[in-house]
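Summary of structural features
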Amino acid sequence: MSKGFASSYRLVLLATTVLLCFAGVGARLVQLHVLDRARLVSYVDRARRTVETDRARRGDILDARGDVLATSRPLVQLAVDPWALEEYIEHVAKHNADRAVALESIERRKRIALAQILAMPLGDLEEFWKPDWRKVDPELDSRDGLRDGRIKSRWVKLDEGVTESVFNKIRGINVSDVDEPEDQISAVYKGLPRGLTISRHYEREYPLNRLAAHVIGFMNREDEASGGVEAFADFYLRGQDGWRESEKDGRRRELAQFRTRQVPASDGYQVVLSIDSVVQHLIESELAMMAETYKPEKATIIVSDAKSGFLLGMANYPTYDLNHYTEVKLEVQRNTAVTDLIDPGSTFKIVAASGALEDGLVTPSTRFNCSIASIEYKGRVRRFMPDEHTYHHPLSVAEIISQSSNIGAAQLGMRLGEQRMYDYARQFGFGEKSGFPLGYESKGLLNTPDKWSALEITRIPAGYSISATPIQIHYAMASIASDGALLKPQLIREIRAASGESIYNFGGVTRRRVMKPQVARAMAQMLRGVTQIGTGRDAAIDGYQIAGKTGTAQKLIDGKYSKRHHVGSFVGFFPASAPEVVVTVIVDDAKVEGGTNYGSKVAVPAFRRVAKGLISYLDIKPVEEITTQPLLALEGGRR
Amino acid sequence: MNKSSTHAFVNKLLVYTVLTIGFNGTVGLGTVWMRHQIAETAAATKQHENRLAAVERRLAETTSRLAAEQSPDKLEAKNVSVNLGLVRPEESRIVRIEESPEERLAAKRNLEIFATDVEGDFASVQFKRHVQQPL
């Protein structure tokens with residue numbers, strides 16, 4: 001190195017220049033990082049930082065067979081920024097007018113293709129691309145730099161949601177010359193029309209439409225669960241949205257390398273119900289047929305497993321399509337099986353009979369005079385509710401049940417006394433909520449004995465002067481089918497992770513023991529008499545021991561029991577000696593020729609059809625020899 | 001400080017400066033290359049995530065369509081439109097077999113094998129079931 005270069009003058013000059021440069025850089029750094037920090041950080045944040053939400057998919061609701069009852073379908077919402085195209089064309093035209101004309105033509109061809117995909121008239125579609133203004137409060141209007149009380153309308157919804165397959169067609173729009181090689185087609189010719197924006201979301205869908213509508217419930221437009229399993233199991237179903245904090249480039253694309261924090265979305269759990277869609281379809285078809293034949297006001301069919309209490313089917317008429325829930329009135333959306341009260345009528349006679357047997361006050365063969373109109377009880381004469389038939393001999397307890405004698409039931413109630421009668425009604429679950437998991441359950445109406453009038457000891461044992469929900473009536477009968485244990489209505493069998501892994505399994509729950517097993521079995525045999533020699537003979541099925549009880553209650557209209565409006569019911573189970581299913585059919589105010597709608601006329605045939613369907617589907621084997629010969633006989637595996 | 005030692009110091013300083021610049025440049029370029037690699041990897045990962053999400057969306061859509069096609073109403077309509085004539089089985093048409101079907105089919109198969117006429121020098125073989133006598 002020459003001595004001249006390293007002279008002290010030049011050295012000092014160089015050092016000073018370097019120092020000044022460093023000082024300049026330092027001063028600028030202080031200005032940027034200290035003095036203007038807040039403003040610049042906020043600007044950078046606005047310009048570059050982005051927080052994107054990763055939507056969790058709501059879990060599916062499955063039936064016992066794994067069929068999907070409710071699922072979340074991904075949809076793509078389409079919207080248009082009408083100004084985007086105009087502004088783009090104007091910008092290009094400033095530099096190259098011919099190019100702008102060509103681009104306009106390309107974009108129009110894209111919109112023609114879009115209209116074809118969306119099956120929409122081109123004229124209608126073009127309306128979405130017409131730039132428009134939106135009125136705003138002049139005080140708040142500064143978004144476009146002018147305080148003129150209007151801003152450009154930047155978002156017009158084109159379609160609420162198209163499926164992924166339709167969106168893939170839109171994304172694949174290619175308006176180039178068809179003879180052009182694929183790899184030489186310019187990006188301008190392909191893809192979304194300019195101004196079209198998308199956003200993805202999930203829409204709740206119910207593939208089986210109206211099947212089990214009252215059980216499943218629905219998600220409303222605000223994406224809130226409304227009723228049914230959707231609301232009850234919302235905690236499991238809804239999942240947890242994820243999010244990621246990152247930076248975006250000038251074209252608003254995420255720069256993945258600048259992701260700072262990321263929480264992945266956790267999809268909702270699957271909820272597996274005990275409802276079987278085949279059983280549910282069977283009972284809903286039956287309800288539809290009953291509705292067409294008898295034009296009832298309401299009707300309910302419930303099917304449950306006799307041993308565990310799990311519901312296999314629960315259906316009401318009228319019902320509705322879950323995908324079009326807005327088209328029906330609110331009362332149609334109500335699960336009347338758990339909310340509406342009816343007088344149980346004769347089905348309630350099982351309470352007085354079971355109680356008297358359990359307390360050892362009677363045996364199945366104990367006889368009562370059922371041809372009397374009144375009786376003296378606790379020093380006062382009490383008039384009975386009249387029976388339909390007159391009996392020429394005293395009826396045994398078994399006959400009281402099979403012939404459904406109001407007078408006999410009242411005398412059983414009198415043997416028990418008001419307090420024990422009340423206690424047994426409570427034991428059977430009347431006057432309290434059954435614990436059915438989906439909300440809005442009514443607990444029914446059962447007054448304490450101190451509020452009973454003098455006549456009520458003759459009315460309540462026959463199923464009048466009390467009110468109960470269909471599910472209470474069903475589970476009261478189910479307690480006889482389950483050897484005397486009152487079971488909790490169960491609907492959810494399992495909670496599964498989105499991956500299919502089991503999270504929790506639910507089992508049957510016994511609420512309490514109502515009667516001894518031997519009393520329950522004696523009651524089952526007495527109830528079998530109903531379908532053998534009693535009021536429910538039409539429910540009998542060859543080879544199967546059908547046990548059950550008919551019920552017909554007059555409806556209370558304007559404070560009086562109507563002779564024209566009834567609630568007919570049949571609650572039963574089979575096979576009586578080894579019960580497998582419990583079925584309840586309740587028909588409210590059916591229109592029957594002759595003006596009456598006894599349970600035996602309306603509910604019993606429906607019960608039989610449902611029972612036959614259940615026998616073949618659930619493979620319930622006969623417990624007695626079938627007397628009718630099979631139509632097709634196989635021998636030795638050969639025809 | 002004499003001139004020769006000053007020159008030596010300046011020369012050393014310049015050499016070190018050049019070396020430092022070279023080193024920093026190398027580190028800088030390395031960092032840029034590394035950042036580029038990170039960016040490429042992140043972009044590739046994001047692309048995979050997007051493809052995975054797209055597959056999941058297609059799966060959800062297919063599940064939904066499949067479930068709708070399997071609805072009882074649609075199946076019943078198809079039964080009519082395709083003239084399948086399927087009906088719910090009635091008890092009178094069901095024959096319940098109490099014995100094990102596997103054993104019955106095995107016995108039937110064995111019977112067919114051993115009932116075949118054997119030609120040639122092979123002697124016919126009979127199998128007897130051995131019953132253990134009680135002690």
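Just so we're clear, the structure is a prediction, and the values are computed from it rather than from any experiment.

1. Describing the overall build of chain B
Of the regular secondary structure elements, chain B holds three helices and zero strands. Helices and strands in chain B line up, N terminus first, as α-α-α.

2. Notes on the overall build of chain A
The helix and strand inventory of chain A stands at 19 helices and 26 strands. Taken against the 2.2 N^0.38 rule, which gives 26 Å for 639 residues, the C-alpha radius of gyration of chain A at 37 Å runs more than 25% over that of a compact globule. In terms of overall dimensions, chain A has a C-alpha envelope of 140 × 65 × 60 Å along the principal axes. For chain A, buried positions account for 41% of its 639 residues. Within chain A, contacts between residues separated by at least 24 positions form 71% of all contacts whose residues are at least 6 apart in sequence.

3. Points about the interface of chain A and chain B
Tallying the contact residues gives 34 residues for chain A and 33 residues for chain B. Contributions of two or more residues to the side of chain A that touches chain B are made by β3 (68-80), α6 (164-171), α10 (277-294) and α19 (599-618) of chain A. In terms of residue class, the side of chain A that touches chain B is made up of 14 nonpolar, 12 polar and eight charged.

4. Considering α6(A)
For α6(A), the complete set of buried residues consists of A:Glu164, A:Phe167 and A:Ile170. Projected onto a plane normal to the axis of α6(A), the buried residues spread over an arc of 110° and lie on a single side.

5. Topic: the sheet that holds strand β14 (residues 298-305) of chain A
Residues and elements named next belong to chain A. One open sheet accounts for five strands, arranged β15-β14-β26-β25-β24; its pairing is antiparallel. The sheet is open, and its two edges are formed by β15 (311-317) and β24 (547-557), each paired on a single side. Averaged over all pairs of adjacent strands, the angle between their axes in this sheet comes to 10°, without regard to strand direction. Bridging between β24 and strand β25 (residues 560-574) involves 10 bridges; their strand directions are antiparallel. Paired with threonine 552 across the strands is glycine 568, a residue of β25. In the packing of α10 onto the sheet, the strands contacted are β14, β15 and β26 (581-588), and the crossing angle to β15 comes to about 25°.

6. Some details on the environment of A:Gly551
All names here are of chain A. Mapped onto the elements of the fold, glycine 551 is located in strand β24. A residue is classified by how many C-beta atoms lie within 10 Å of it, and glycine 551, with 32 of them, is buried. Sequence separation of glycine 551 and valine 585 is 34 residues, and the distance between their C-alpha atoms is 9.9 Å. Discounting residues that sit within four places of it in the chain, glycine 551 has contacts with Pro344, Gly345, Ser346, Thr347, Gly463, Ser569 and Gly599.

7. Section: the confidence of the model for chain B
Per-residue confidence for chain B averages 82 on the pLDDT scale, and 83% of its residues sit at or above 70. For this predicted complex, the interface score ipTM comes out at 0.75, while the overall pTM is 0.82.

8. A closer look at the domain arrangement of chain A
Residues and elements named next belong to chain A. Per the domain assignment, the segments making up chain A are domain 1 (47-67 + 208-273), domain 2 (74-181 + 194-201) and domain 3 (277-321 + 334-495 + 508-618). Taking the mean C-alpha position of each, domain 1 and domain 3 sit 43 Å from one another. Contacts between domain 1 and domain 3 engage 22 residues on the former and 18 residues on the latter. Looking at the side of domain 1 that touches domain 3, the elements that each hand over two or more residues are α7 (213-216), α8 (228-232) and β13 (270-273). The leading source of residues in the side of domain 1 that touches domain 3 is α8, at four residues.

What counts, and where the lines are drawn
Residues numbered from 1 in each chain as written. Chains lettered and ligands numbered in written order. Predicted model: local features only at pLDDT ≥ 70, side-chain atom pairs only at ≥ 80, totals over all residues. Helix = DSSP H or I, 4+ residues; strand = E, 2+ residues; numbered from the N terminus. Rg over C-alpha atoms; globule rule 2.2 N^0.38 Å. Buried ≥ 20, exposed ≤ 12 C-beta atoms within 10 Å, placed from the backbone. Contact = placed C-beta atoms within 7 Å. Nonpolar A, V, L, I, M, F, W, Y, C, P; charged D, E, K, R; others polar. Arc of directions from axis to C-beta. Pairing = 2+ DSSP bridges. Axes fitted to C-alpha atoms, helices over the stretch in contact; angles between N-to-C directions. pLDDT = per-residue confidence, 0-100. Domains from an automatic or database assignment.

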